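# Structure at a glance
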Amino acid sequence: MRRVARKKPPGSEGLSRAEARRLALAAQGFGRPRPRRPGAAEVAATIRRLGLLQLDFVNVLVPAHYLVLFSRLGPYDRSLLDEVVYRRREFTEQWAHEASIVPMEAFPLLHHRRASHRVRPWGFEAFLARNAPYAARLLEEVRARGPLTADELREPRAMPRELRHAWFKSAARAVLEAHFGRGLLAVHERRPNFQRSFDLVERVVPAEHRGPPPERAEAQRALLAAAARAHGVGTAADLADYHRMPVAEARPRLAELVESGALREVQVEGWRETAFLHDQAADSRPVQAAALLAPFDPVVWYRRRAARLFGFDYRFEIFVPPRKRRWGKYVLPFLLGDALVARVDVEADRPRARLSVGGAWAEPGASPERVAAPLAVELSALARWLGLGEVAVGRRGPLSRPLASALHAL
C-alpha cells in the first residue's frame, strides 16, 4: 500500500518568518486572485474578513478605507461601500481600532468600550458634563426630527471657549460625537461631503444586536478571536492593538482562547514573543499579490508588526513637517508576492487629471527592474479607477526612472 504523507498543520513545529508572512497575507485576503467584477457581496465579504475597516477621509489620493478594499478587490464601484454599510445595514460605524466600520454583530461586543466613554473626565465627555441641558436638548431634537448632521442643529448663543481651538469647532458636533461614543446615537449615513448624520441607535442598529451585552471578558475573547482570524498569526500586542485593547487585559483572554482550542501558541523565527495562531489559519502557500497598500491598511498600521513580518519600517508622514519627511506626504507601500518591495509618494492631481508619483523607492534587496513593471500596472489601474487620465512620475528616488520607463511601455 502506498503511503500518503499528510500535510502538517500550520505552526505544528514553529513558523519561519516567510510562513508567518504568508499566513498573515492570506488572512488579510491576499491569498486569492482578485474577483473579475467585484460587487456588493465581495465588498461585504472583504470587510468581514478584515473584521473592521478603519475610516480616514484625508483626500490626497482617495479616502484610505476605499483604498483598503481596492488593494484586495481591484477596481470596484465605491458606492457599494455605502450600499452595504448604510442602506443594507450589514455594518455600522463604531470606535474599534480607531473610527471604523464593523460588522453589525460586533456592536454588542463593543458595549464595554462605549461604557468607558461615560466615565472619561476629558474631551467630549467633559464637555457633555458641563453642558448637560444643551446635550439633552440635542438628543431630543434627533428623536423628534430624525437623522441630523451637526450643521442642521442649533448652536448655543455663546460658543463655549474650549471649542474655539478644538478640531471639531462646533458645540453641536461635540455633543453628537459624545452621544455616539456613549452608544445613544449611531451613524445613519454619510452625506456627499462625508459629513455624518446621526440617529437614535434603536433606529439604526437592529433589535437582535441591542439585547443585553455580553460580559466584558466574553466580549474581549470574541474581539481577540476576530483579530487573530484577521491576522492569521500575531503576538499578544498585535492582537490587542486590532481593537485598541490594553495588552494587560488581552493576555488572560488569549490564554483562555488557547485553552479552548481557538488559538494555538507558536514560535515564529526571529520573534522574541510567543505568537498566537488562529485555528482557521490557511496553509502558508506562496502569495501571488501585487497591491498598493493604504496608510491605514491592517497589514502596515502597526509599525512594530510590519517591521517584524516584512523588515519594513513604515511611518505615515502626512503630519510630519515637509522639511523633516524622509519619503513624502502620502506614501504607499507596494506588496509584491509576500514582500513589501517598494514605496511610492502619490497624489491625485485632479486639476490636471493625472496621478502624480512624486517619488519611488525600491526596498533593500528588491530589484528595481523586477519591481517597476508590476508597480506600473498597479498604478495605472489605480489611476483609471480614480478617473485620472495618466500617471506622471517625478524624479525623487532611484525607482523613479525604471518606473517611468515601465509606464511608457504600457
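Per-chain numbering applies: the sequence of each chain, read as written, is numbered from 1 onward. In keeping with the model being predicted, local features are shown solely for residues with a pLDDT of at least 70 and side-chain atom pairs are shown and tallied solely at 80 or more, while totals for entire chains, interfaces and linings include all residues. As a convention, hydrogens and water are excluded, and side-chain values are obtained from all of the structure's heavy atoms.

Think of it this way: any DSSP run of H or I at least four residues long counts as a helix, any run of E at least two long counts as a strand, and we number them from the N terminus. Tallying secondary structure elements over the chain gives 14 helices and 13 strands in all. In this treatment the radius of gyration is a C-alpha quantity, and the globule benchmark scales as 2.2 Å times the residue count to the 0.38 power. Expected size for 410 residues packed as a compact globule is a radius of gyration near 22 Å; at 23 Å, the chain falls within 12% of this value. Expressed along its principal axes, the backbone C-alpha trace of the chain runs to roughly 70 × 60 × 40 Å. Accessible area is worked out with a 1.4 Å probe on protein chains only. A residue is then buried under 20% of its type maximum, exposed over 50%, and partly exposed in between. Looking at the chain residue by residue over its 410 residues, the buried ones come to 54%. Note on contacts: a residue pair is in contact if any heavy atoms of the two residues lie within 4.5 Å. For the chain, restricting intrachain contacts to residue pairs at least 6 apart in sequence, the fraction spanning at least 24 positions comes to 63%.

Further remarks concern the side chain of Arg21. With respect to the secondary-structure elements, Arg21 resides in helix H1 (residues 17-27). Among the polar contacts listed, one links the side chain of Arg21 to the backbone oxygen of Leu309, at a separation of 3.4 Å. Leaving out residues up to four positions away in the same chain, Arg21 has contacts with Leu309, Phe310 and Asp338. The term polar contact refers here to a pair of N or O atoms within 3.5 Å; inside protein, the definition further demands a hydrogen-donor-capable atom paired with an acceptor-capable atom, and it admits residues adjacent in sequence only when both atoms are side-chain atoms.

Turning our attention to helix H13 (residues 368-385). Its 18 residues place the ends of H13 25 Å apart at the C-alpha level, agreeing with the 26 Å of an ideal helix rising 1.5 Å per residue. For H13, the full list of buried residues reads Val371, Ala372, Leu375, Ala376, Glu378, Leu379, Ser380, Ala381, Leu382, Ala383 and Trp385. Residue Gly387 follows H13 closely and has a positive phi angle near 75 degrees. Any helix carries an expected span of 1.5 Å times its number of residues minus one.

Strands qualify as paired when DSSP identifies two bridges or more between them. The strand order across the open sheet formed by five strands is S9-S10-S11-S12-S13, and the pairing between neighbours is mixed. Of all the strands in the sheet, the pair left with one neighbour each is strand S9 (290-292) and strand S13 (390-396). Put simply, the sheet's adjacent strands are angled 30 degrees from each other on average, direction ignored. Where strand S12 (residues 354-362) and S13 come together, five bridges link them in parallel fashion. For Leu355, the partnering residue across the bridge sits in S13 and is Val391. Against the sheet, helix H14 (residues 400-409) engages S12 and S13, with an angle of about 160 degrees to S13. Interaxial angles span 0 to 180 degrees and are taken between N-to-C directions of axes, which are lines fitted to C-alpha atoms, for helices over the stretch in contact.

At Arg89, a position not held by glycine, the phi torsion is positive, near 60 degrees. By secondary structure assignment, the location of Arg89 is in the loop between helix H4 (79-87) and strand S2 (91-95). Judged by its relative accessible area of 18%, Arg89 is buried. Positive phi, normally seen in glycine, also occurs at Phe194, with a value near 75 degrees. Following the sequence through the fold, Phe194 ends up in the loop between strand S4 (185-190) and strand S5 (196-200).

This part takes up the packing of helix H9 (residues 216-231) against helix H11 (residues 247-260). For the pair H9 and H11, interaxial distance at closest approach is 9 Å and the crossing angle is 75 degrees. Relative to H11, H9 is oriented roughly perpendicular. Each of Arg216, Ala217, Gln220, Arg221, Leu224 and Ala225 in H9 lies in contact with H11, whose residues at this interface are Glu249, Ala250, Arg253, Leu254, Glu256 and Leu257. Tallied by class, residues from the contact of H9 with H11 come to six nonpolar, one polar and five charged. Orientation categories follow fixed angle ranges, with anything under 35 degrees roughly parallel, anything over 145 roughly antiparallel, 65 to 115 roughly perpendicular, and all other angles oblique. Under the convention adopted here, Pro, Cys and the residues Ala, Val, Leu, Ile, Met, Phe, Trp and Tyr are nonpolar, Asp, Glu, Lys and Arg are charged, and Gly plus all remaining residues are polar.

The next thing to look at is the confidence of the model for the chain. The predictor rates its confidence in each residue with pLDDT, a number between 0 and 100. Overall, the prediction assigns the chain a mean pLDDT of 91, with 92% of residues at 70 or greater. Throughout residues 1-8 the model reports pLDDT below 50, and contacts reaching past four residues in sequence, or to other chains, amount to three contacts.

Put simply, two rings from Phe, Tyr or Trp (the six-membered ring, in Trp's case) pair if the centres are within 6.5 Å, and we call them stacked under 30 degrees between planes, edge-to-face over 60, tilted for the rest. Evaluation of the coordinates by the stated rule reveals nine aromatic pairs. On the numbers, 5.2 Å between centres and 50 degrees between planes, the contact of Tyr242 with Trp301 is tilted. One end of the pair, Tyr242, is in helix H10 (residues 236-242); the other, Trp301, is in the loop between S9 and helix H12 (303-310), with 59 residues separating them in the sequence. Where Trp327 meets Trp361, the ring centres are 5.2 Å apart and the plane angle is 75 degrees; that geometry is what we call edge-to-face. Taken as a pair, Trp327 in the loop between H12 and strand S10 (331-336) and Trp361 in strand S12 lie far apart in primary sequence, 34 residues in all. Each member of the pair, Trp327 together with Trp361, is buried. The cationic tip of Arg114 hangs over the ring face of Phe107; the distance from NZ or CZ to the ring centre is 3.7 Å. Across from the ring centre of Phe180, 4.9 Å away, lies the NZ or CZ of Arg196, which sits over that ring. Think of it as a cone above the ring: NZ of Lys or CZ of Arg counts as a charge over the ring if it is within 6 Å of the ring centre and within 35 degrees of the ring normal.

It is worth spelling out the pattern of salt bridges at this point. Should the charged atoms of two oppositely charged side chains come close, the side chains can pair. Each reported salt bridge corresponds to a side-chain nitrogen of Lys or Arg within 4 Å of a carboxyl oxygen of Asp or Glu. On inspection of all chains with the given rule, the structure shows 33 salt bridges. Measuring nitrogen to oxygen at the nearest pair gives 4.0 Å for the salt bridge that ties Arg143 to Glu202. Note that Arg143 is positioned in helix H7 (residues 132-145) and Glu202 in the loop between S5 and H9, a separation of 59 residues in sequence. According to the relative accessible area criterion, Glu202 is partly exposed, its value standing at 40%. Between Glu152 and Arg191 there is a salt bridge, and its shortest N-O distance comes to 3.3 Å. Taken as a pair, Glu152 in the loop between H7 and helix H8 (171-182) and Arg191 in the loop between S4 and S5 lie far apart in primary sequence, 39 residues in all.

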